[in-house]
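# Chain and residue survey
Here's the letter readout for the chains.
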Amino acid sequence: AADTAMYQAKKLGRNGYHFYAPEMTQFALDRVLLERLLHEAVVNHGLKLNYQIKMSVGSVIRPCGAEALARWSSAQLGVVAPTKFIPVAEETGIIVDLGEWVLRTACHQLMAWRTMGAQVPSISVNVSVRQLERPDFVAVVQSALAESGLPADGLELEITESVIMRVGNAIAVLQALHNMGVRLSVDDFGTGYSSLAYLKLLPIQTLKIDRSFVAGIGENAGDESIIQAVIGLAKNLGLTTVAEGVETPAQIAFLRQAGAGELQGFFYGEPLNADGFLAHWRHAQAQADAQSAVPDHLS
Ligand code: C2E
Ligand code: MG
Ligand code: MG
Ligand code: MG
């Protein structure tokens with residue numbers, strides 16, 4: 001609607017402004033409302049976190065961690081997807097407080113699960129460019145760990161390629177986090193910046209292969225080649241790989257054959273709330289234990 005209005009405004013010149021204004025006002029109002037409600041949600045702890053299970057590939061595929069994903073259900077707007085509100089949060093700067101809340105909540109949640117007897121090895125948290133740019137980011141991470149009591153090796157930060165390229169002192173910040181013992185992964189790998197040279201400069205442990213490539217398994221030879229190449233590259237650099245968006249047994253077979261280190265996707269579980277995740281984790285663990293107990297020739 002905004003594009004059409006813009007076109008009308010151009011076509012009609014100054015007089016077109018009268019057509020242009022009302023629609024643009026509605027557009028701007030929607031955006032202002034979204035920003036206001038999002039800000040309120042962050043301040044009033046109106047957001048929630050869901051957690052998606054991650055599996056490690058060995059002779060048996062077993063659970064190895066969780067990724068925290070922000071969720072927003074607004075009384076006025078209903079459920080708003082992260083792909084809609086995260087960019088708004090980034091543009092407005094709301095992401096700084098939102099991201100800090102996610103970080104603290106995720107660290108506390110992992111400790112809570114461990115207290116309840118579930119030895120979840122690590123929790124992954126997405127980090128935005130605006131957070132990484134902040135001079136106090138390392139201190140915020142340190143305080144989230146200290147307050148929750150979570151050892152640094154229980155936390156993984158997921159950072160996209162574009163973020164790494166956009167932050168001037170990103171390497172220094174990542175190095176400081178790495179020195180603390182926090183693990184770092186490159187999210188949505190393959191969709192962003194094309195230069196691979198920076199990979200050897202970064203203190204990262206993991207590449208997350210974007211789900212757009214996984215979706216092409218069995219359908220697109222190019223996607224399959226890219227996956228194999230990324231896994232090969234990662235192995236040569238001493239990094240592990242996580243394949244995102246795993247939905248089918250055929251994808252799992254391919255990824256296993258290709259040597260992917262970890263798998264994440266709806267096949268193993270959709271993002272769940274904290275209680276749902278704990279139950280799912282226990283079930284997945286019991287299943288993996290039962291499988292490792294079966295001698296190979298019987299499984
Ligand atoms: P992401 O970090 O790459 O997270 C993975 C996204 O893929 C999640 O979408 C997840 O629900 C979805 N997904 C997982 N498995 C499958 C699958 O098998 N099939 C399909 N089709 N999708 C799958 P979600 O939760 O909508 O989040 C979208 C993006 O929003 C995230 O992508 C991340 O970039 C961003 N995001 C979410 N929470 C946060 C947050 O707390 N902070 C920041 N900075 N970004 C966040
Ligand atoms: Mg992620
Ligand atoms: Mg991702
Ligand atoms: Mg993604």
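Residues numbered from 1 in each chain as written. Chains lettered and ligands numbered in written order. Predicted model: local features only at pLDDT ≥ 70, side-chain atom pairs only at ≥ 80, totals over all residues. Heavy atoms only, no water.

Relative to the 16 Å expected for 12 residues at 1.5 Å per residue, helix α6 (residues 137–148) spans 17 Å between its end C-alpha atoms, a close match to the ideal helical length. Residues F137, V140, V141, A144, L145 and S148 constitute the buried set of α6. One side of α6 carries all its buried residues, which in axial view fall inside an arc of 135 degrees. Of the exposed residues in α6, those oriented more than 90 degrees away from the buried face are A146 and E147. The inward-facing, buried residues of α6 contact α4 (95–115), α5 (129–133), β5 (155–160) and α8 (170–180). Positive backbone phi, approximately 80 degrees, marks G149, located one or two places after α6. (Helix = DSSP H or I, 4+ residues; strand = E, 2+ residues; numbered from the N terminus. Expected span 1.5 Å × (residues − 1). Buried < 20%, exposed > 50% of the residue type's maximum accessible area, 1.4 Å probe, protein only. Arc of directions from axis to C-beta. Contact = heavy atoms within 4.5 Å.)

Neighbouring ligand 1 are 22 residues, the closest being R71, N126, S128, E247 and F266. N126 is positioned such that a nitrogen or oxygen atom in its side chain is 2.9 Å from an oxygen atom of ligand 1. Contacts to ligand 1 include S128, whose side-chain N or O atom sits 2.9 Å from a nitrogen atom. A total of 790 Å² of accessible area belongs to ligand 1 in isolation, and the protein chains cover 84% of it. With 4 residues, strand β2 (residues 61–74) is the single largest residue contributor to the shell around ligand 1. (Near = heavy atom within 4 Å. Polar contact = N/O pair within 3.5 Å; in protein donor to acceptor, adjacent residues only side chain to side chain. Areas by Shrake-Rupley, 256 points an atom, 1.4 Å probe, with all protein chains shown as cover.)

This paragraph deals with the packing of aromatic side chains. Scanning the model with the defined rule gives 6 aromatic pairs in all. Their ring planes at 80 degrees and their centres at 5.1 Å tell us that F267 and Y268 sit as a pair that is edge-to-face. F267 sits in the partly exposed class, given a relative accessible area of 40%. With relative accessibility at 13%, the residue Y268 sits in the buried group. Feature note: the residues Y51, W113, F277 and W281 constitute an aromatic cluster, connected by ring pairs. (Phe/Tyr/Trp six-rings, centres within 6.5 Å; stacked < 30°, edge-to-face > 60°.)

Moving on to α8. Those residues of α8 lying buried are A170, V173, L174 and L177. The buried residues of α8 occupy an angular sector of 95 degrees when the element is viewed end-on, so they sit on one face. In the core, the buried residues of α8 are packed alongside α5, α6, β5, α7 (161–166) and β6 (183–189). Positive phi shows up at G181, right after α8, with a value of about 105 degrees.

Bringing the coordination of the magnesium ion (ligand 2) into the picture now. Perfect tetrahedral coordination of a metal by four donors corresponds to 109.5 degrees between them, and perfect octahedral coordination by six donors corresponds to 90 or 180 degrees. Every protein donor of the magnesium ion (ligand 2) is accounted for by E67 (OE), N126 (OD1), E158 (OE) and D187 (OD), and the metal-donor separations fall at 2.0 to 2.3 Å. Binding-site remark: the magnesium ion (ligand 2) is held by donors from one chain whose sequence spacing is E-x58-N-x31-E-x28-D. Here the magnesium ion (ligand 2) and the magnesium ion (ligand 3) are spaced 3.7 Å apart, linked through D187, which binds each one. With E67 in strand β2 and D187 in strand β6, the pair connects residues that are 120 residues apart, well separated along the chain. Note on E67: relative accessible area 5%, which makes it buried. (Donors = N, O, S within 2.8 Å, 3.2 Å for Na, K, Ca; no water.)

Our focus in this paragraph is the pairing of β2. Counted residue by residue, β2 has 11 buried out of 14 residues, so it is predominantly covered. Of the strand pairs in this sheet, strand β1 (residues 47–57) and β2 are connected by 11 bridges, and their pairing is antiparallel. Across the sheet, Q52 pairs through a bridge with E67, a residue of β2. Hairpin connection, β1 to β2: the antiparallel pair is bridged by 3 residues. Looking at chain direction, β2 and strand β3 (residues 78–80) are connected through 3 bridges and run antiparallel. (Pairing = 2+ DSSP bridges.)

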